[in-house]
Amino acid sequence: MRYAYLGPAGTFTEQALLQRPEASAPDAERVPHGSVDSALAALRAGEVDAAVVPIENSVEGGVSATLDALATGDPLVVVGEMLVPITFVLAAPAGVTLADVRAVGTHSHAWAQVRGWMSTRLPEAAYVPTLSTAAAAAGLGTAVEEQTPYDAAVCAPVAATVHGLELLASDIGDNRAAVTRFVLVSRPGGGPAPTGADKSTMVLYQHEDHPGGLLGLLEQFAVRGINLTRLESRPTGEGMGRYCFSIDIEGHVDDERVGEALMGLRRVCADVRFLGSYPRADRLAATVAAGTQDTDFQQARSWLRSLRTP
Ligand SMILES: O=C(O)C(=O)Cc1ccccc1
């Protein structure tokens, strides 16, 4: 098995990949990619068997690059999720002090999570975006010949070690409880079986904008006792005000209540892009409300059948 991930070595994405025992199997190959788009393109092209990409951060919200890449193009499905607690360091080559730092390189999601620390400790520092936190560290590493447009990197402690940097400061995240959620993605076909503690991901496209449109989508879940764990509107690119909804719910496509909700959505939406059902990283079993158990749907269906064929 070949696994693409947002690299280089030392990213939080690599930490997420390493949480999967199958990615450390003797025959497993971990293939770093420079961007989310490149990792998913390699998966679509069949160069790898799966890919790990960040999808959501508890502080900064959804990772647009991932949400948009999954919402468009050849279909892909989420087959697993991983949670990584996020700790940031400020790292630089030996000899650089905090007073020398004029510009800081890092991933946009990392920058958003250290803004408070930066505004008090390095208020004059310019921000230089990089494709990942570890790419920022690698840009300052010993193997780099050319001039790097920043003096220090915000990255994971492991990235500083891997790329031979020293720490100028540790634990600089504004929110110590920050967690990022990553997804294991594969090509469609034979997703994981239900475990009782599952989530499903989908993108919903409305027919046309109208009052109560979003409410109409949400009530498909509400009446079947389905809890949402993420809801984001993303522009479709078709014009100002044109949005689709990227949604995570509790439950598996094989659960009756989820299947019924998907059928309801299929009827009222212009398009439903189903992105897979997979075990929850936290293993928390869904609370199933009265009247929404599998048996409740099955009994109601056989009752209807009896009405139609007395
Ligand atoms: O750049 C990384 O290391 C990533 O894996 C993406 C990311 C960036 C910031 C917080 C969490 C994940």
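Residues numbered from 1 in each chain as written. Predicted model: local features only at pLDDT ≥ 70, side-chain atom pairs only at ≥ 80, totals over all residues. Heavy atoms only, no water.

J.: Go over the packing of helix 2 (residues 36-44) against helix 3 (residues 64-71), please, and point to the residues and values.
T.: The N-to-C vectors of helix 2 and helix 3 enclose an angle of 25°; their axes lie 9 Å apart at closest approach. Here helix 3 runs roughly parallel to helix 2, going by the angle between their axes. Where helix 2 crosses over helix 3, the handedness of that crossing is right-handed. Between helix 2 and helix 3, the residues in contact are V36, D37, L40 and R44 and A65, T66, A69 and L70, respectively. (Axes fitted to C-alpha atoms, helices over the stretch in contact; angles between N-to-C directions. Helix = DSSP H or I, 4+ residues; strand = E, 2+ residues; numbered from the N terminus. Parallel < 35°, antiparallel > 145°, perpendicular 65-115°, else oblique. Left-handed = near helix turned anticlockwise from the far one by under 90°. Contact = heavy atoms within 4.5 Å.)

J.: Go over the UniProt feature "domain: ACT" (unreviewed entry) in the protein with me, naming the residues and quoting the values.
T.: UniProt's entry tags residues 202-279 with the feature "domain: ACT" (unreviewed entry), counted in the numbering of this structure. Between the end C-alpha atoms of residues 202-279 there is a gap of 15 Å, over a span that is 29% helix and 37% strand. (UniProt positions renumbered as here; feature names shortened; annotations may be inferred.)

J.: I'd like to hear about the environment of Y5, residue by residue, with values.
T.: Within the secondary structure, Y5 sits in strand 1 (residues 2-6). With 27 residues separating them along the chain, Y5 and P32 place their C-alpha atoms 5.1 Å apart.

J.: Any details on the packing of aromatic side chains? Residues and values, ideally.
T.: Under the definition given, this model contains 2 aromatic pairs. Plain terms: the ring middles of F12 and F88 are 5.5 Å apart, the flat faces sit at 85° to each other, and that makes the pair edge-to-face. Residue F12 is found in helix 1 (residues 12-18), and its partner F88 is found in the loop between strand 5 (77-85) and strand 6 (89-92); the two are separated by 76 residues along the sequence. Of the two residues, F12 and F88, both sit in the buried class. On the basis of an interplanar angle of 10° and a centroid distance of 4.6 Å, the ring pair of W111 and Y127 is categorised as stacked. With W111 in helix 4 (residues 108-113) and Y127 in strand 8 (residues 126-129), this pair connects stretches of sequence that are 16 residues apart. Among the residues examined, Y127 registers a relative accessible area of 26% and is labelled partly exposed. (Phe/Tyr/Trp six-rings, centres within 6.5 Å; stacked < 30°, edge-to-face > 60°. Buried < 20%, exposed > 50% of the residue type's maximum accessible area, 1.4 Å probe, protein only.)

J.: Any details on unusual backbone geometry? Residues and values, ideally.
T.: In this structure, P8 follows G7 across a cis peptide bond, with omega equal to 5°. Topologically, P8 is positioned in the loop between strand 1 and helix 1. Of note, the phi angle at D171 is positive, near 55°, even though the residue is not glycine. In this fold, D171 is placed in the loop between strand 10 (166-170) and strand 11 (179-186).

J.: For the sheet that holds strand 15 (residues 271-279), give the residues involved together with the corresponding values.
T.: One key point about sheets: their strands pair by backbone hydrogen bonds, in either a parallel or an antiparallel sense. The strand order across the open sheet formed by 4 strands is 13-14-12-15, and the pairing between neighbours is antiparallel. Two strands bound the open sheet, and with one partner strand each, they are strand 13 (228-235) and strand 15. For this sheet, the mean inter-axis angle between neighbouring strands, taken without regard to orientation, is 15°. Seen against the sheet, helix 9 (residues 256-268) touches strand 12 (198-205), strand 14 (243-250) and strand 15 and runs at an angle of roughly 165° to strand 15. (Pairing = 2+ DSSP bridges.)

J.: So what's going on with the packing of helix 8 (residues 213-222) against helix 9? Which residues, and what values?
T.: At a minimum axis distance of 8 Å, the contact between helix 8 and helix 9 shows a crossing angle of 160°. What the angle tells us is that helix 8 and helix 9 run roughly antiparallel. Two packed elements cross with a definite hand, and for helix 8 against helix 9 that hand is right-handed. Of helix 9, the residues touching helix 8 (which contributes L217, Q220 and F221) are A261, G264, L265, R267 and V268. Along the lines of polarity and charge, the residues of the contact of helix 8 with helix 9 split into 5 nonpolar, 2 polar and 1 charged. (Nonpolar A, V, L, I, M, F, W, Y, C, P; charged D, E, K, R; others polar.)

J.: Lay out the domain arrangement of the protein in plain terms, naming residues and giving numbers.
T.: Taken domain by domain, the protein holds domain 1 (1-86 + 178-189), domain 2 (89-170) and domain 3 (192-310). When each unit is reduced to the centre of its C-alpha atoms, the spacing between domain 1 and domain 3 is 24 Å. Across the contact, 22 residues belong to domain 1 and 20 residues belong to domain 3. Note on domain 1 versus domain 3: buried area summed over both sides is about 1,500 Å², and carbon and sulfur give 50% of it. Taken together, the connections running from domain 1 to domain 3 amount to 3 salt bridges. Between E81 and K199 there is a salt bridge, with the nearest N and O atoms lying 3.0 Å from each other. Counting across the interface, domain 1 meets domain 3 through 13 residue pairs in polar contact (both at pLDDT 80 or more). Looking at the side of domain 1 that touches domain 3, the elements that each hand over two or more residues are strand 4 (61-62), helix 3 and strand 5. Ranked by residue count, the leading element in the side of domain 1 that touches domain 3 is strand 5, at 7 residues. Here the side of domain 1 that touches domain 3 is built from residues that sort into 10 nonpolar, 6 polar and 6 charged. (Domains from an automatic or database assignment. Buried area = accessible area lost by both parts, 1.4 Å probe. Salt bridge = Lys/Arg side-chain N within 4 Å of Asp/Glu carboxyl O. Polar contact = N/O pair within 3.5 Å; in protein donor to acceptor, adjacent residues only side chain to side chain.)

J.: Let's hear about empty space enclosed by the protein: which residues, and what values?
T.: A full pass over the atoms with the stated rule returns 3 cavities of 30 Å³ or more. Here the largest cavity defines a volume of roughly 190 Å³. Lining the largest cavity are 17 residues, with F12, P54, H107, H109 and F182 positioned closest to its centre. Broken down by element, the residue count for the lining of the largest cavity peaks at 3 residues, all from helix 4. Residue contributions to the lining of the largest cavity reach at least three from each of two domains, namely domain 1 (1-86 + 178-189) and domain 2 (89-170). (1 Å grid on protein atoms, 1.4 Å probe; cavity = no way out; pocket = protein on both sides within 12 Å on 5 of 7 lines; lining within 4 Å. Points joined across faces, edges and corners; volume = space filled by probe spheres on them.)

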